[in-house]
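What follows is each chain in one-letter form.
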Amino acid sequence: MSSTPPSSTPSSPPSSSAPEAPTPGFLVWRLSMKWRVAVDRALAPLGLTHAQYSLVGSLHGMQRSGVRPSQRRLADHTGLEPLYVSKLARSLETAGLVERTPDPADTRAVQLALTEEGSAVALRAVEVVQELMDRLLAPLGGLGGSGTEAFTRTLTALLDEPTTSKEQP
């Protein structure tokens, strides 16, 4: 993500009578920054950053489903760049939370799994983040609220939309 926020003004000329409303892109960027900072702060006592949590939390869920993903599959799942996932996985391995092993099906790939300590930290981190999300989503009814369900459907639709422009006939 670029360090410059999306424009907060529409492309139409500004009106001198009232300030323009922020664009959806600007609001999404601001919300993602607000939530990232909140997650970083909530997870600091566990020694995790938001990015590290995205890996251990995802690994926790995948392992519960019987999946031992490759770094590439985890990158695809989290939306993080594969090189960044590799760096995060190495730091988590050094911390004793993740083990990296060669993929028996592909010698170029590395599989990831939580260690016993990593599983314990991930479980606690998931609880912390769920409590935080319930508070942050309170205006929509909390984690189980109908507003949150609608919000989740909207976000999913936006994330499912390709970011590349479609070719014109």
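Right above here is the structure, for reference.
All of the points below concern the structure found in this document.

This part takes up the overall build of the protein chain. Each helix and strand in the protein chain was counted, giving six helices and two strands. Each helix and strand of the protein chain, placed in order from N terminus to C terminus, yields the pattern α-α-α-α-β-β-α-α. Burial analysis of the protein chain (169 residues in total) assigns 30% to the buried set. Counting only contacts in the protein chain whose residues sit at least 6 apart along the sequence, the fraction spanning at least 24 positions is 44%.

Topologically, Ser70 is positioned in the loop between α2 (50-64) and α3 (71-78). A distance of 3.0 Å separates the side chain of Ser70 from the backbone nitrogen of Arg73, its partner in a polar contact.

What follows deals with helix α4 (residues 82-94). Spanning 13 residues, α4 covers 18 Å between terminal C-alpha atoms, matching the ideal 18 Å at 1.5 Å per step. Among all positions in α4, only Val85, Ser86, Leu88, Ala89 and Leu92 are buried. Where α4 is buried, its residues meet α2, α3, β1 (98-103) and β2 (106-114). Directly after α4, the chain includes Gly96, whose backbone phi takes a positive value near 80°.

The subject of this paragraph is the nonpolar core. Counting 30 residues, the largest nonpolar core has Leu43, Leu48, Val56 and Val98 as the members making the most contacts within it. Looking at this core, the elements that each hand over two or more residues are α1 (24-43), α2, α3, α4, β2 and α5 (116-136). The element that contributes the greatest number of residues to this core is α5, accounting for eight residues.

Take α1 next. For α1, with 20 residues, the first-to-last C-alpha span of 28 Å sits near the 28 Å given by 1.5 Å per residue. When α1 is considered as a whole, its buried residues turn out to be Phe26, Trp29, Trp35, Ala38, Val39 and Leu43. In this fold, the buried residues of α1 make contact with α2, α5 and α6 (146-160).

What follows covers the pattern of salt bridges. Two side chains of opposite charge can pair, provided their charged atoms sit close to one another. Per the counting criterion, the structure on display carries six salt bridges. A salt bridge links Arg108 to Asp106; its shortest N-O distance comes to 3.2 Å. Classification of Arg108 by relative accessible area gives exposed; the value is 74%. Salt-bridge contacts for Glu127 lead to Arg124; the nearest nitrogen and oxygen are separated by 3.2 Å. With Glu127 and Arg124 both in helix α5, this residue pair falls three residues apart, about one helical turn. Accessibility expressed as a relative area gives 35% for Glu127, which makes it partly exposed.

Structurally, the position occupied by Asp103 is in strand β1. Among the polar contacts made by the side chain of Asp103, one reaches the main-chain amide nitrogen of Ala105 at a distance of 2.8 Å.

Across the interface, α2 lies against α5 with an axial gap of 9 Å and an inter-helix angle of 105°. On the basis of the axis angle, α2 is roughly perpendicular to α5. Each of Tyr53, Val56, Gly57, His60 and Gln63 in α2 lies in contact with α5, whose residues at this interface are Ser119, Ala122, Leu123, Ala125, Val126 and Val129.

Rules of the game
- Residues numbered from 1 in each chain as written.
- Predicted model: local features only at pLDDT ≥ 70, side-chain atom pairs only at ≥ 80, totals over all residues.
- Heavy atoms only, no water.
- Helix = DSSP H or I, 4+ residues; strand = E, 2+ residues; numbered from the N terminus.
- Buried < 20%, exposed > 50% of the residue type's maximum accessible area, 1.4 Å probe, protein only.
- Contact = heavy atoms within 4.5 Å.
- Polar contact = N/O pair within 3.5 Å; in protein donor to acceptor, adjacent residues only side chain to side chain.
- Expected span 1.5 Å × (residues − 1).
- Core = buried A, V, L, I, M, F, W, Y, C linked by side-chain atoms within 4.5 Å.
- Salt bridge = Lys/Arg side-chain N within 4 Å of Asp/Glu carboxyl O.
- Axes fitted to C-alpha atoms, helices over the stretch in contact; angles between N-to-C directions.
- Parallel < 35°, antiparallel > 145°, perpendicular 65-115°, else oblique.

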